[in-house]
Every structure is written in structure tokens, then in C-alpha cells.
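Tertiary structure, described
For reference, the chains in residue letters:
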Amino acid sequence: MITLTINDKEITLDKPLTVLEAARQAGIKIPTLCYHEALKPYGGCRLCVVEVERMPRLQTACTLMAADGMVVKTESDTVSKVRRGILEFLLINHPLDCPYCDKAGECELQDLVNKYGPTVGRYIEEKRRVPESHKDEIFTRNMSRCVVCTRCVRMCGDVQGASAISIMGRGNRSRMEPFSAESFNCEYCGNCLTVCPVGAILSRLYIHSFRPWQVDKEVETICSYCGVGCSLVAQVRDDAIKRVIPRMGFGLNKGLLCSRGRFGYEYINSGERLKTPLVRKDGKLVESTWSEALGIVADKLMKVKNSHGGSALAGIASPRCSNEDNYVFQKFMRMACGTNNIDSISRTGFAAAQKYFEDLLGQGTTANIIEGLKNSETIFILGGDPTAINPILGLAIREAARRGAKIAVLGNAKGLERFKTLQLVPSVFKEADVLEALLNEIYNVKGLRGENPALDKGIRALYEKAAAAFDMQGFDNLKKILLDSASTAVVLGMDLLQRTDGHRSLFAIAGLIYLLEARLYLLSEKPNEQGVVDTGCVPDMLPGGRPLGIHDFKRKFEAAWNGVIPENEGLTLLEIIEGAKNKKIKALYIMGENPVFNLPNESFVSEALKSLDFLVVQDIFLTETAEIADVVLPALGWTEKTGTYTNLERRIQLQKKAVETSNGMEDWKIIAEISNKMGYRMNFADSKEVMDEIAKVSPLYRDLTYQEISKGNCLWPYNGEPLRGEISEAPAVFKTANEYKGDFYLAVEKPLFHSGTLSRRSPALMKIYSEPALKVSVKTAEKLGLNEGDRVQFFTQIGSKEAIVSIDESIKDNRVYYSNNFKGNGIFSLLTFNIDKLTKMPGLEGCEVKIKKL
């Protein structure tokens, strides 16, 4: 225990703190400019100076550690004179443009001068002037206002890990500059905006549009993009989102945001939003009333059910919709429509992988806290770049590297180029061979744990079938790193698993996690992929992860729902599409998803959906899928409704309503209205009542309330009962004999600045990344004679596209990458797929591509 006195107030500390932190803990304010709670102490501005007994000089409170018996004065004539002098020096060159500056009202320098500063300036010399820069599409810089606190530089380098900006010049010519001179060639996280105390760096999204005191309200909510679920504050004026900011120490992101979270909110205010229901008449979608549209949907679904049975109906749920929306949707499909044909786009990755791991390793195996990554000794990354897919999780990996963790990467991870300890680049599409060999080597050293008989048996069987010793550069180093680590985390992206034999990699990874006692993190591209699974939007599970085939579980839900749940397991996502194509599925209800654009082989998917007797799409935009629907129903989006989301840690969080709109209706409410018209009553007054029912019927969500969830610490297994049990035999492994001898292969890019199709309706993100580029390696560029910015045409067996070339030094093999985010320019229109028979995921490997320079 440390006891010190500050301003005659005795303070006791449980742990070592600086004098500044101790004072703040006691409610005593010491002024600062260079200090920020997210950054290491710097001691540059000197405004935090204090008097300490028995010390001859004033001390900086932000760097001085509190000591037992220390006596500190934060306010005195001497201290005030020094602070006033420092502020006077800062104002020599700082422009007095507060009425014009957008930082006015939340400017720390303005507040400090008001309290401590001089009333009259004594300097008559001309102020230093630096031309204001508007050359960047997102940030504007006014270095005349810069006080050289270096917060932005330290945030960019020490926390974000991007190191894209620095202090240039010396003396009174010092200023912050990006290394790319005119524009910021960076990750556009905007965290420099958070820490800048003055108006030196501002966002062009809101410059000169409003003042902080003109904000009507601030609503704490969560981000709508990826599966991390970052907390943020939506600032609202005139029922529109004007700005999104983080709050330091708030949520699992602790005040950090990525480009999508900070600048991607504009889609919600888009003029392209659906505002009224649309009904197809004479081959065209025309505006309709809610009454007519809902009546048509109910009537058509009932006719198909009565004529062909519930198995002819199917539903596709959405990982962008809330738990409440998805719960009501699966209940509607099972009880009103009489079918278990329910799945989501998460089947192409997260949902299938999560089920496989939980079947082998038990429920909750993916429920690991992101913060825990920072304390890992070793992090093994495979299947994607965490800094692009889940950027805040990626920052935790960078922080772990700074703390000394070993970062091993299998494949490519551009955002970790400067942080990796080891990188292995297997032959193209041969990652499973590496992982199986690695599992065999680990087993050979460590043996079996004996805690999971099915997995033990599978590992032993794989070892017995092993070929000769595996030889690959870096392989032995990877084995040693993993064996020597006392705390290992495995971070897995879905790219590795979207193979025809993706289950091979799944089994090998499960075996490694088991033998190494490692923690598993599944990267998640959508905000509620875990919630889709947990609320029962899968063909073989009821809410709470209860298997449909266990009679006792099924009977309890039937009693709660007052009806009969179909006996047979339903179809998975790609089986539903196949069923639509061959006419087994007659009617399809799609909520918040765009399968025509977001599934491979776009033309096949489009033809399949056009083969349906009836297609209804519920969304906030007229997507490629909505364009071919018979009825389109406008829903509400992020900040327009209240609901819960479950992130990749399995943390349930509350997304709060911030604005009022007449654009549409809550997803769950639309479903309930149709269900009522079909004769199955669902009478929920609001989303809270939906959650109350979930908490009542699902053993996993037992007794959960919005009040408890809103605290932000609602972690698995919540108050509920995880399902305990183990499989008797590990799934079989089917090895394919494909050889990949093509010159180049096409693969899916997962860009940092885009997510699905929402981000293309965000003007800011489109300015950062305005068109898709064909990403190629240096070696590929040299082989084809390509330069950065060249235009090429590239062909696969089902189509071609034109694009500019971007040369990416992080690509180490003969794959070329293209994104699936831009309208009319998605990679999935060029990719075909096969289905992994075990996981039902699409296999996207082996798509040869030819490239021609234009």
C-alpha cells in the first residue's frame, strides 16, 4: 500500500501509480496537454508540473511515480505562474481562430487558457503560418494549430502500430506530417483524431457542419460492421447521425476504432434506403402499402405450405440482424411455415467452423476474451489477416508482439508484416498438409492427453497414416515455438477453411488446440455470426445450441411455443440454393442478406432464386437479391432499433436506438406481423419482450435482461447452462488428390476499408478505397510485366473483369486477390465452388485465372 498526500488530502493506492493518476483517482484535476490515458507518459508539455516536498524543482506529475509519504501540491503561485508561462508560449504561434475552428467547445487548449492562461498576450511578432491542407479525402490538417504534443504520432506508432505519421522539422518549424506528404497513406483508423487536443487534425466528414454543443444527444451503442462489436458513441442532431466517436476506457475496444467503425456510419443516412414495401406487378417492382405487401407474403407462403408441405419453404437469416430478429425469424420458419430449412451466410465460414470445433472440443471452446491475446506467449495466425477482418483484435495481436509474444503466420497477413516472428508460405492450397504434419510432430513429442477419447483416436489414426517426414522452410521453427510456449492462442480466419477438403484443416487445428491447450479465436466478418447460431438460425439446432434431434429439447421448445417443430433436420445454405434450382424449394424468405452477390457463382445463385415460385426479401437497400424478389420489405438498420448482438468472444452487447425514422419496420416486427396473418400468433410489444422470451425458453440465455446486458460484461455462458457432452467418434477426414499447377489462381481479398455491401454506400469509405483493384505479388507483376496502376483484364472459366493493378509485397504465392464489395464488380461472379461434404462450406480453391494487360 502506498499513502501520499495531495492538496492536504490523504490518498491510499493499491498499486503503483503516477502522481497524475493518483490525483485523478482522488478527483483532483491536474492540467495536461501531452498526456493521454491511452498513451505512455511523455512529460513534454510541462503543464502538469506540481510541487513536491523535499524536491528542489517542480516535477511533472505524469512521469513522477507516487511514493509512500510523498506530499504534493498541485496548485500554488509558483505552479500557476509556470503554467501561465507555458500557455503564453503556446499562444505565440497558435492562431486565435476559436470562433472558426471546429474543435471549439471540445478543445483542451481552449479550456486550459480559460482557466490558467494569460488574459493579455505580450508578444507582437507575426505568428508562424502553415498552409492548411485539404488534400486528403478524409483528414484536414491545420498545423498552425499544432502544439507538438505528439499524441497523434504516439497513438499511430505505439498503439495503432501503423507508424504512418511523424513530427517533421525542428524548433518552431516542427509539425506533424504523414510520410506520404500530401495525403495519409494509412489505415484511416482516425485514432489520431481522438487524441488530438486541438484542431490540428479534423475529419472532413463533419467539418464546418455543426458544433459540439449543437448535438441533440449522444447514444452509447456498438458498431455494425465486424464480429468484434466495438463500443462507440453516436452523436445525433435532427434525427441523423452526425458523428461517431469512441469513449476512452469504454467497451472492449477501450476507445479505439477502425476506419469502418469511425467513418462507415454514413450508409444509415443514405438516400438509397428503402422507404416503402415493393411488390412485383407486371414484371416490375412497384411501391405498395404495408398491408398489401404483408398480406401477399402471408398468402403466398401459406399456399406453398398447404400445397407442397413445409419442406418446400426455406429461410435465410442474417448475421447483420440482432439476436431478437433472428430468434423471431427461426421461430416463424419452424412454427408458422413448418420447416427447419433455416440457415445464414455464416454457413460459408464461421457457423460451420464453430459447430465443428464445438462438436470436437465442447461448447464454449471459441468463447475467449480478445484482451487475453495481449498476454499470450505465442499467437498462431492462419486463414486471413486479423488486422483487416477484425481490426481491433488485430491491434491486440500487435500489442502482444510489442510485449514480446512470438507471432507465427501461416499464409499472408499484411497488417502483421512488421510484427511477425515467423511466416510459413505453403504451396498454394496445401495448408492442410502443413497443419496435419504439424499435428503429427506435436503428437510425436507430447503424446495424447487422454481427456477426449474421440479426438485422441482421430489424432492417432492421422499419425499412423502419415507419410515421410515433412520438409518445409520454417516448419521446425514453428514446431519449436509452439512446443516451447506456455500460453498459445490460435487465430483462425475462414479463407483457410473454404476448401473442398476444409475439414482436414479444421481437424488438424482442433488437434493442435487440444494438445497445446491453446485458446481459439475465430475471425468473424459480420457483427452477429455467433448470435445467428445461438438463436437457432441453423437447420439442426434450436436456440441455445440444443440439438434438434434430442427429443427432450424439442419437446420443451414445443411446449413453450405451443406448436409442433418439424422432425427432420433442414437444409444448409448452399443446399437451399440447390433446392431452389431443382424446384424442391418453392418459396424462400431472405432477411437482411444478399446471397446473389455474397455467394460464389453469382449467375448460378441468381438463376436458382429466379426459379422459385415466390421470393421475399427484407432489407434496408434494394440489393442485387432484392431486385429479383417478388416482394421487398424495408427494414430498420443500425441505430434505428434496439437489439442485442453476440460478438466473437460470445459477449452479448446491446445496440441502442439513437434515431427515429419512418423508413421501415424492425425485422422481428415484420416477421411477427406475417406470422399473425398466417395464423401463428406472436405478440411482442418491443424487442425487450423478445429478449424476455429468449431468456425464458433458451437454457443458454436464462434470466438475461437488457439491464444486465447493457453493462457490457455479459460473457458466455451468461447465467445459463452450456450443453455438456462429447462425441463418440471424430469426423472422418477425406483427402483430395488435386494438383494445382496453374500459373495464377483467383482468391478473395478482405479489404480493411470495406465490409460486405454496406460499406459501398458509405461515401467516406468509398473515398478511401473507391474501386476494386487486382492485388498481385511482386513476382507476378514482374512475370507479366505489370506496374502499379496498370489496367488489366482477367478471365476465369465463367467470366472476366477489368481492374487496375495493385502490387502487394505481402503476397508470397501465385494467387491474385480481388474483393467482393463493389456493385457490379464482385469476385464471386467469377468463382465457382464445390461443397465440403462434411462442413457444407463452399470450396473456393483452384480457380485458375488468366491476366491480360490492357
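The structure presented is a predicted model; accordingly, all values stated were derived computationally and were not measured.

1. A few points about the overall build of the protein
Each helix and strand in the protein was counted, giving 25 helices and 37 strands. Taken over the C-alpha trace, the protein has a radius of gyration of 29 Å; the compact-globule value for 854 residues is 29 Å, and the two agree within 12%. Seen through its C-alpha atoms, the protein measures out along the principal axes to roughly 90 × 70 × 65 Å. Residue burial in the protein is summarised as follows: out of 854 residues, 62% are buried. The contacts of the protein with a sequence gap of at least 6 include a subset with a gap of at least 24, amounting to 72%. Accessible area for the protein stands at about 34,100 Å²; split by element, carbon and sulfur atoms hold 47% of it. When the 110 positive and 106 negative side-chain charges of the protein are each reduced to one mean point, those points stand 2 Å apart.

2. Describing the pairing of strand 32 (residues 791-796)
As paired strands, strand 32 and strand 33 (residues 799-807) are joined by six bridges and run antiparallel to one another. Residue glutamine 793 lies in a different strand from strand 33, and its bridge partner there is glutamate 802. Counted between consecutive antiparallel strands, the loop separating strand 32 from strand 33 contains two residues. Summarising the sheet, strand 32 and strand 37 (residues 850-853) pair through four bridges and their orientation is antiparallel. Bridge pairing in strand 37 links phenylalanine 794 to isoleucine 851.

3. Details of empty space enclosed by the protein
Scanning all chains against the criterion turns up nine cavities of 30 Å³ or more. Along the walls of the largest cavity sit 31 residues, with Glu525, Lys526, Lys750, Gly756 and Phe828 positioned nearest its centre. Across the lining of the largest cavity, the residue classes tally to twelve nonpolar, eleven polar and eight charged. Within this model, the second largest cavity holds a volume of roughly 350 Å³. Residue lining of the second largest cavity: 27 residues in total, with Arg320, Gly592, Asp619, Ile620 and Leu758 positioned closest to the centre. When its residues are assigned to classes, the lining of the second largest cavity shows nine nonpolar, eleven polar and seven charged. For the lining of the second largest cavity, the domains that each give at least three residues are domain 3 (278-345 + 528-644 + 655-692) and domain 5 (744-853).

4. A look at the sheet that holds strand 29 (residues 714-715)
The strands making up a sheet associate through backbone hydrogen bonding, with each pair oriented either parallel or antiparallel. Taken together, three strands build an open sheet; the order of strands is 27-28-29 and the sheet is antiparallel. Among the strands making up the open sheet, the edge pair consists of strand 27 (643-646) and strand 29. As paired elements, strand 27 and strand 28 (residues 651-655) share four bridges and run antiparallel to each other. Residue glycine 643 lies in a different strand from strand 28, and its bridge partner there is glutamine 655. Along the sheet, helix 8 (residues 323-336) makes contact with strand 27 and strand 28, crossing strand 27 at roughly 90°.

5. A look at the pattern of salt bridges
Scanning all chains against the criterion turns up 53 salt bridges. Across the pair glutamate 187 and arginine 398 runs a salt bridge whose closest N-O atoms are separated by 2.7 Å. With glutamate 187 in the loop between strand 8 (175-178) and helix 5 (191-195) and arginine 398 in helix 11 (residues 391-402), this pair connects stretches of sequence that are 211 residues apart. Comparing glutamate 187 with arginine 398, the two get one shared label, buried. Of the charged contacts, one joins glutamate 558 and lysine 554 as a salt bridge, the two residues approaching to 2.8 Å between their closest N and O atoms. Placement of the pair is glutamate 558 and lysine 554 together in helix 17 (residues 551-561), with a separation of four residues, close to one helical turn. Residue glutamate 558 is classed as buried on the basis of its relative accessible area, which comes to 16%. A cluster of three or more residues bridged by salt bridges with shared partners is formed by Glu431, Arg499, Asp813 and Arg815.

6. Examining the sheet that holds strand 26 (residues 631-634)
The seven strands are arranged 14-13-26-25-24-15-16 in an open sheet whose pairing can be described as mixed. A strand with exactly one partner marks an edge of an open sheet, and here the two such strands are strand 14 (284-287) and strand 16 (342-344). With strand direction ignored, the average angle separating the axes of adjacent strands in the sheet is 20°. Bridging between strand 24 (residues 587-591) and strand 25 (residues 614-619) involves five bridges; their strand directions are parallel. In the strand pairing of strand 25, methionine 591 is matched with glutamine 618.

7. A look at helix 22 (residues 687-697)
For helix 22, the set of buried residues is Ser687, Val690, Met691, Glu693, Ile694, Ala695 and Val697. Buried residues in helix 22 make contact with helix 8, helix 17, strand 27, helix 21 (667-677) and helix 23 (706-709). With a side-chain oxygen lying 3.2 Å from the backbone nitrogen of lysine 688, the N-terminal cap of helix 22 falls on aspartate 686.

8. Side note on the domain arrangement of the protein
Often, the extent of an interface is quoted as the loss of accessible area upon association of its parts. Domain assignment breaks the protein into domain 1 (2-75), domain 2 (129-267), domain 3 (278-345 + 528-644 + 655-692), domain 4 (350-522) and domain 5 (744-853). On a C-alpha basis, the centres of domain 4 and domain 5 stand 26 Å from each other. Between domain 4 and domain 5, the contact holds 24 residues from the first and 24 residues from the second. Of the roughly 2,000 Å² buried between domain 4 and domain 5 on both sides combined, carbon and sulfur atoms contribute 58%. The three residues of domain 4 that bury the most area against domain 5 are Phe429, Gln498 and Thr500, which together make up 28% of that side's buried surface. At the boundary of domain 4 with domain 5, the tally comes to three salt bridges. Linking arginine 815 and glutamate 431 is a salt bridge whose minimum nitrogen-to-oxygen distance equals 3.5 Å.

9. Some thoughts on unusual backbone geometry
A cis amide bond, omega 5°, links tryptophan 716 with the succeeding residue proline 717. Relative to the assigned elements, proline 717 resides in the loop between strand 29 and strand 30 (745-748). At arginine 650, a position not held by glycine, the phi torsion is positive, near 70°. As for its position among the elements, arginine 650 is in the loop between strand 27 and strand 28.

10. Here we look at helix 20 (residues 602-610)
When helix 20 is considered as a whole, its buried residues turn out to be Val605, Ser606, Ala608 and Leu609. End-on view of helix 20: buried residues confined to an arc of 160°, all on one side of the axis. Considering only its buried residues, helix 20 is in contact with helix 18 (573-581), strand 24, helix 19 (595-598) and strand 25.

11. Examining the packing of aromatic side chains
As enumerated under the stated definition, the model contains 20 aromatic pairs in all. Look at phenylalanine 329 and tyrosine 589: their rings are 5.7 Å apart centre to centre, the planes differ by 75°, and that puts the pair in the edge-to-face class. Here phenylalanine 329 is found in helix 8, whereas its partner tyrosine 589 is found in strand 24, with 260 residues between them in sequence. With 5.9 Å between their ring centres and 75° between their planes, phenylalanine 332 and tyrosine 589 make a pair best called edge-to-face. Of the two residues, phenylalanine 332 sits in helix 8 while tyrosine 589 sits in strand 24, which places them 257 residues apart along the sequence. One exposure class covers both phenylalanine 332 and tyrosine 589, and it is buried. Taken together, the aromatic side chains of Phe139, Phe184, Tyr188, Phe263 and Phe753 make up a single cluster linked through ring pairs.

12. Some words on the side chain of glutamate 529
Here glutamate 529 lies in helix 16 (residues 529-534). Buried and unpaired, glutamate 529 has no salt bridge, with lysine 526 as the nearest side chain of opposite charge at 5.8 Å. Within polar-contact distance, the side chain of glutamate 529 engages the side chain of serine 524 at 2.8 Å. There is a polar contact of 3.1 Å between the side chain of glutamate 529 and the backbone nitrogen of glutamate 525.

13. As for the environment of lysine 801
Among the structural elements, lysine 801 can be located in strand 33. The class of lysine 801 is buried, set by a relative accessible area of 14%. Sequence-distant contacts of lysine 801, defined by excluding residues within four places in its chain, comprise Val792, Gln793, Phe794, Tyr818, Gly824, Asn825, Gly826, Ser829 and Leu830. Of note is the side chain of lysine 801, whose polar atom sits 3.2 Å from the backbone oxygen of glycine 824.

Calculation notes
Residues numbered from 1 in each chain as written. Predicted model: local features only at pLDDT ≥ 70, side-chain atom pairs only at ≥ 80, totals over all residues. Heavy atoms only, no water. Helix = DSSP H or I, 4+ residues; strand = E, 2+ residues; numbered from the N terminus. Rg over C-alpha atoms; globule rule 2.2 N^0.38 Å. Buried < 20%, exposed > 50% of the residue type's maximum accessible area, 1.4 Å probe, protein only. Contact = heavy atoms within 4.5 Å. Areas by Shrake-Rupley, 256 points an atom, 1.4 Å probe, with all protein chains shown as cover. Lys, Arg positive; Asp, Glu negative; His and termini not counted. Charge placed at Lys NZ, Arg CZ, Asp CG, Glu CD. Pairing = 2+ DSSP bridges. 1 Å grid on protein atoms, 1.4 Å probe; cavity = no way out; pocket = protein on both sides within 12 Å on 5 of 7 lines; lining within 4 Å. Points joined across faces, edges and corners; volume = space filled by probe spheres on them. Nonpolar A, V, L, I, M, F, W, Y, C, P; charged D, E, K, R; others polar. Domains from an automatic or database assignment. Axes fitted to C-alpha atoms, helices over the stretch in contact; angles between N-to-C directions. Salt bridge = Lys/Arg side-chain N within 4 Å of Asp/Glu carboxyl O. Polar contact = N/O pair within 3.5 Å; in protein donor to acceptor, adjacent residues only side chain to side chain. Buried area = accessible area lost by both parts, 1.4 Å probe. Arc of directions from axis to C-beta. Phe/Tyr/Trp six-rings, centres within 6.5 Å; stacked < 30°, edge-to-face > 60°.

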